[in-house]
Amino acid sequence: ITVASRRLMRSRGGTSEDSLGLDEAGLLPPATTRGPKEKGGGTYCGLSCSTVSLLVILCLMYIIIWTLPAPTLWSKVTLLRQSWHLSEVMKEPPLLQKQLSKAEKELTELRAQVAEAKHRNDLVEAKVDATDGARKDLRKKLSKIQNE
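Residues numbered from 1 in each chain as written. Predicted model: local features only at pLDDT ≥ 70, side-chain atom pairs only at ≥ 80, totals over all residues. Heavy atoms only, no water.

**Student:** Now, about the overall build of the protein chain: what can you tell me, with residues and values included?
**Tutor:** For the protein chain, the count of helices and strands is four helices and two strands. Secondary structure elements in the protein chain, listed N-terminal to C-terminal, are α-β-β-α-α-α. When the accessible surface of the protein chain is summed, it comes to about 13800 Å², and 64% of that surface belongs to carbon and sulfur atoms. (Helix = DSSP H or I, 4+ residues; strand = E, 2+ residues; numbered from the N terminus. Areas by Shrake-Rupley, 256 points an atom, 1.4 Å probe, with all protein chains shown as cover.)

Here is the structure:
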């Protein structure tokens, strides 16, 4: 197949070896219709987008740390670490309220047990006093009988 026949087939919409991806000599793929990639495409001042993003994030973090109300860099970092766990501090009040309600329930149960124990103790004391009083009365009667 000659070069002229290939051009003729391409102009008619037919297929040839060149349209299959081979050049005139049959060794290289066809050239793309796009122009060469422009230098600096998708970049900012010659830097890639990820580099620019990283620099922006680092600058923002520097500004945030710099504006923290602490005198030294170490105390600012410590303050930042403490604020990192602020969510745990915010979750503490409901947890403490649950613990407090459990402790109050336990306290009422213990007070009820103490009141019950005092009541039983009072009953036992009353029985002891009654038997002690009866014993004293019996001794007095015995001593009267013995004296007579």
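On we go.
**Student:** Please give an account of a positive patch on the surface that cites residues and values.
**Tutor:** Residues Lys136, Lys140, Lys141 and Lys144 make up a contiguous surface patch of positive charge. The topology assignment puts lysine 144 in helix α4 (residues 86-147). (Patch = residues over 30% accessible without salt bridge, like charges linked within 9 Å, V, L, I, M, F, W, Y side chains within 5 Å. Salt bridge = Lys/Arg side-chain N within 4 Å of Asp/Glu carboxyl O. Lys, Arg positive; Asp, Glu negative; His and termini not counted. Charge placed at Lys NZ, Arg CZ, Asp CG, Glu CD.)

**Student:** Quick one: what's the story with the environment of valine 77, residue by residue and with numbers?
**Tutor:** By the element assignment, valine 77 lies in helix α3 (residues 73-84). Under the relative-accessibility criterion, valine 77 is labelled partly exposed at 31%. Residues valine 77 and tryptophan 66, spaced eleven residues apart in sequence, show a C-alpha to C-alpha distance of 9.7 Å. (Buried < 20%, exposed > 50% of the residue type's maximum accessible area, 1.4 Å probe, protein only.)

**Student:** Just give me the short version of the packing of aromatic side chains, but keep the residues and values in it.
**Tutor:** Within a pair of aromatic rings, the relevant descriptors are the distance that separates the centres and the angle that separates the planes. Within the structure shown, the criterion is met by one aromatic pair. Seen from their ring centres, tyrosine 62 and tryptophan 66 are 6.0 Å apart, and the 20° between their planes marks the pair as stacked. Of this pair, tyrosine 62 and tryptophan 66 both sit in helix α2 (residues 49-66), four residues apart, roughly one helical turn. Each member of the pair tyrosine 62 and tryptophan 66 is classed as exposed. (Phe/Tyr/Trp six-rings, centres within 6.5 Å; stacked < 30°, edge-to-face > 60°.)

**Student:** So, the side chain of lysine 76: which residues are in play, and what are the values?
**Tutor:** Looking at the secondary structure, you find lysine 76 in helix α3. Within polar-contact distance, the side chain of lysine 76 engages the backbone oxygen of tryptophan 66 at 2.8 Å. (Polar contact = N/O pair within 3.5 Å; in protein donor to acceptor, adjacent residues only side chain to side chain.)

**Student:** Describe the confidence of the model for the protein chain, with residues and values.
**Tutor:** With 70% of its residues at a pLDDT of 70 or more, the protein chain shows a mean pLDDT of 78. For residues 16-21, every residue scores under 50 in pLDDT, and the model assigns this stretch eleven contacts once sequence neighbours within four places are set aside. Predicted confidence for residues 34-38 stays below pLDDT 50, and this span has zero contacts to residues more than four positions away or in other chains. (pLDDT = per-residue confidence, 0-100. Contact = heavy atoms within 4.5 Å.)

**Student:** Could you give an account of α4, with specific residues and numbers?
**Tutor:** The end-to-end C-alpha distance of α4 is 89 Å, a good match for the 92 Å that 62 residues give at a rise of 1.5 Å each. Along α4, the helix axis deviates most sharply at glutamate 92, where the bend reaches about 35°; the proline proline 93 sits within four residues downstream. (Expected span 1.5 Å × (residues − 1). Bend = angle between axes of the 7 residues up to and from the residue.)

**Student:** Summarise a nonpolar patch on the surface; cite the residues concerned and give the values.
**Tutor:** Among the surface-exposed residues, Val56, Leu60, Tyr62, Ile63 and Trp66 lie close enough to one another that they form a single nonpolar patch of about 580 Å² accessible area. Secondary-structure assignment places isoleucine 63 in helix α2.

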